[in-house]
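A closer look at the structure
Below, each chain spelled out in residue letters.
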Amino acid sequence: MESRYTYNPSMPLVVQKYGGTSVADADRIRNVARRIVDTYNAGNHVVAVVSAMGKGTDELLSLAGDVSQTTYPRELDMLLTAGERITMSLVAMAIQDLGVPAMSLTGSQAGILTTGRHGQAEILEIKANRVREGIEEGHVVIVAGFQGVDPDTKNVTTLGRGGSDATAVALAAALPADLCEIFTDVDGVFTADPRVVDDARKLDEVTFEEMLELASAGAGVLMPRSVEFGRRFNIPIHVRSSFHEGDGTWVKEETMEQAVVRGIAHDVSEAKVTVYGVPDTPGVAASLFEPLASAGVNVDMIVQNVSQDGLTDISFTVPSASADLARLEAEAVASAVGARGVSIDDTVGKVSVVGIGMKTESGIAARMFRILSDEGINIEMISTSPIRISCVVSQEAVDAAVEALHAGLSVGQVSVS
Ligand code: ASP
Ligand code: MG
């Protein structure tokens, strides 16, 4: 069967991204190929970004750990990018089996230029000529997600876990595409994690701003950086299931209704570090957080207690994966400034409520605190943005907190009073 289409500049261009679960085995890869071909036959040019098959990235990481106890960032990136290369070539084969021309490209071949920071590289620019040429030759182009190349050193880099989302949205912005579809193993973005809240609902739409807050607060469905690209270049993102045809969630600039609370996110992957008895003098916070920043530790919430006798306690949260590093840095600073000591608590969790309508509706924080108090849940730290309120609570209370807040806060309503 020959393909019915060749290049037609008036046809829409769609970037699709398929995550690991959607390409986990040969059958699913053939299913993905069929969806791509359906999109192509419906009259769209398609560029598809793919992730490593199933838990492929985790398996490569553990293989590296079996071979060596030392982390070699350059070689680790080289290794991890192999996961996406396996998928891209298999998908390109399955598409050609269906009679449609297809070709695969690595991130570097696709012109994805990044900083040199291995494991956490940022996309600087996409020179998408080769992708465009592929499309103009009438191909479906498959691009390996999560990877790029540092143009100065020519080293291959990766974009951080979940990075294929960023590849897809950035590529959609660079081409430019008319639309970016993120195909995943859930039906879309939910009002809360459906594994925790039975009556969590799929959202039809959510603003970039809200999605950025939800994703940064632990909603794993999209990588935060991909949402930033979407917002910056105004690329609407459709998050949808790869297993059925139904509509998912649209992430876009504006939504029809401005919910006061759009959704609730939670995160149990943070740890709380407390530095005790820090002299309360100018410059102490800087001397604590500067070395953490240089060490690449991503600090989330910070709370400084009331000072007594010239001494204060400073607590902050970091990703659990950086907790050991954060403790080492904090201990060095503590002894340098004469603080009493450092403790670390890995059993904390964070619940966040997010909604664009909070900008105009007051009293949400008070309602949130009352609901948590009625559940007997103690709040350890609080932080806010204009459209988000987050509380750190004990990890074992997180599920109960999410359920109670979902039930008590009229999630999705334009007014909560
Ligand atoms: N395969 C990478 C990961 O597991 C990138 C991605 O799936 O988006 O994090
Ligand atoms: Mg993902």
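Up top you'll find the structure we're talking about.
Residues numbered from 1 in each chain as written. Chains lettered and ligands numbered in written order. Predicted model: local features only at pLDDT ≥ 70, side-chain atom pairs only at ≥ 80, totals over all residues. Heavy atoms only, no water.

What about the nonpolar core?
Operational definition: What is meant by a nonpolar core is a set of buried Ala, Val, Leu, Ile, Met, Phe, Trp, Tyr and Cys residues, joined one to another through side-chain atoms within 4.5 Å. Here's how the labels work: a residue is buried when its accessible area is under 20% of the maximum for its type, exposed when over 50%, partly exposed in between, all with a 1.4 Å probe on protein chains only. Each helix corresponds to a stretch of at least 4 residues labelled H or I by DSSP, and each strand to a stretch of at least 2 residues labelled E; elements are numbered beginning at the N terminus. For this analysis, residues touch if any pair of their heavy atoms sits within 4.5 Å.
Ranked by internal contacts, the top residues of the largest apolar core, which has 49 residues, are Val15, Val47, Val131, Val143, Leu175 and Met211. Among the elements that take part in this core, helix α5 (residues 164–174) stands out by supplying seven residues, more than any other. Beyond its immediate stretch of four places on either side in the chain, Val47 contacts Leu13, Val14, Val15, Gln16, Val131, Ile135, Val141, Val143, Leu171 and Leu175. Judged by nonpolar contacts, the second largest core, of 26 residues, contains Val260, Ile371, Ile377 and Ala404.

Regarding the side chain of His139
Position of His139 relative to the elements: it lies in the loop between α4 (129–136) and β6 (140–144). Leaving out residues up to four positions away in the same chain, His139 has contacts with Val46, Pro101, Ala102, Met103 and Gly134.

With respect to unusual backbone geometry
At the junction of Leu175 and Pro176, the peptide bond is cis and its omega measures out at -10° in the coordinates. Tracing the backbone through its elements, the reader meets Pro176 in the loop between α5 and β9 (179–184). One non-glycine residue, Phe146, lies in the positive phi region at around 75°. Mapped onto the fold, Phe146 is located in the loop between β6 and β7 (147–149). The phi dihedral of Ser410 falls on the positive side, at around 45°, and the residue is not glycine. Relative to the helices and strands, Ser410 resides in the segment after α11 (398–408). Overall, Ser410 belongs to the partly exposed group, its relative accessible area being 27%.

Some details on the packing of aromatic side chains
Basically, it comes down to this: Think of it this way: a Phe, Tyr or Trp ring, Trp meaning its six-membered ring, pairs with another when their centres are within 6.5 Å, and the plane angle makes it stacked under 30 degrees, edge-to-face over 60, tilted otherwise.
With the rule as written, the count across this model stands at two aromatic pairs. Both rings, one in Tyr18 and one in Phe183, keep their centres 4.7 Å apart while their planes meet at 10°; by these two values the pair is stacked. Taken together, the residues span a long stretch of sequence, with Tyr18 in strand β1 (residues 13–18) and Phe183 in strand β9 at a distance of 165 residues. Grouping residues by exposure puts Tyr18 and Phe183 together as buried. Geometrically, the ring pair formed by Phe289 and Phe316 is edge-to-face, given 5.2 Å between the ring centres and 70° between the ring planes. One end of the pair, Phe289, is in helix α8 (residues 284–294); the other, Phe316, is in strand β16 (residues 311–319), with 27 residues separating them in the sequence.

Re the pairing of strand β19 (residues 381–385)
Along a regular strand, successive side chains alternate from one face of the sheet to the other. Filter applied, for reference: Paired strands, as defined in this entry, are two strands with at least two bridges between them according to DSSP.
Of the two faces of β19, only the one carrying Met381, Ser383 and Ser385 is buried; Ile382 and Thr384 on the other face are not. As judged from the five bridges shared by β19 and strand β20 (residues 388–394), these two strands associate in the antiparallel manner. In the strand pairing of β20, Thr384 is matched with Ile389. Connecting β19 to the antiparallel partner β20 that follows it, the hairpin turn spans two residues.

Quick notes on the packing of helix α6 (residues 208–216) against helix α7 (residues 224–233)
A packed helix pair is summarised by two numbers, namely the angle formed by the two axes and the spacing between the axes. Keep this limit in mind: Helix axes are fitted only over the stretch in contact, all axes being lines through C-alpha atoms; the angle between N-to-C directions runs from 0 to 180 degrees. We call two directions roughly parallel when the angle between them is under 35 degrees, roughly antiparallel when it is over 145, roughly perpendicular when it lies between 65 and 115, and oblique otherwise. Take the far helix as your reference; a near helix turned counterclockwise from it by less than a right angle gives a left-handed crossing, and one turned clockwise gives a right-handed crossing. Nonpolar residues are Ala, Val, Leu, Ile, Met, Phe, Trp, Tyr, Cys and Pro. Charged residues are Asp, Glu, Lys and Arg, and all others, Gly as well, are polar.
One can describe the packing of α6 onto α7 by two numbers: an axis separation of 9 Å at closest approach and a directional angle of 170°. Here α7 runs roughly antiparallel to α6, going by the angle between their axes. The two elements α6 and α7 meet at a crossing, and its hand is left-handed. Across the interface between the two elements, Phe208, Glu209, Met211, Leu212, Ala215 and Ser216 of α6 pack against Pro224, Val227, Glu228, Gly230 and Arg231 of α7. Its residues assigned to classes, the contact of α6 with α7 shows six nonpolar, two polar and three charged.

A few points about the packing of helix α2 (residues 56–67) against helix α3 (residues 73–97)
Interaxial distance between α2 and α3 falls to 9 Å at its minimum, and their mutual angle equals 150°. Comparing the axis directions of α2 and α3 gives the class roughly antiparallel. The handedness of the crossing between α2 and α3 is right-handed. Seen from α2, the contacting residues are Thr57, Leu60, Leu61 and Ala64; seen from α3, they are Leu76, Leu79, Leu80, Gly83 and Glu84. Residue composition of the contact of α2 with α3, grouped by class: six nonpolar, two polar and one charged.

Thoughts on the pattern of salt bridges
Quick note on the threshold: When a carboxyl oxygen of Asp or Glu lies within 4 Å of a side-chain nitrogen of Lys or Arg, that pair is called a salt bridge.
Applying the stated criterion across every chain yields a total of 16 salt bridges. A salt bridge links Lys17 to Asp165, with the shortest nitrogen-to-oxygen separation between them at 2.8 Å. Of this pair, Lys17 sits in strand β1 while Asp165 sits in helix α5; the two residues are 148 residues apart in sequence, bridging distant segments of the chain. Each member of the pair Lys17 and Asp165 is classed as buried. Across the pair Lys359 and Glu209 runs a salt bridge whose closest N-O atoms are separated by 3.1 Å. Here Lys359 is found in the loop between β18 (348–354) and α10 (364–374), whereas its partner Glu209 is found in helix α6, with 150 residues between them in sequence. What emerges from the salt-bridge pattern is a single network uniting Glu270, Asp300 and Lys350.

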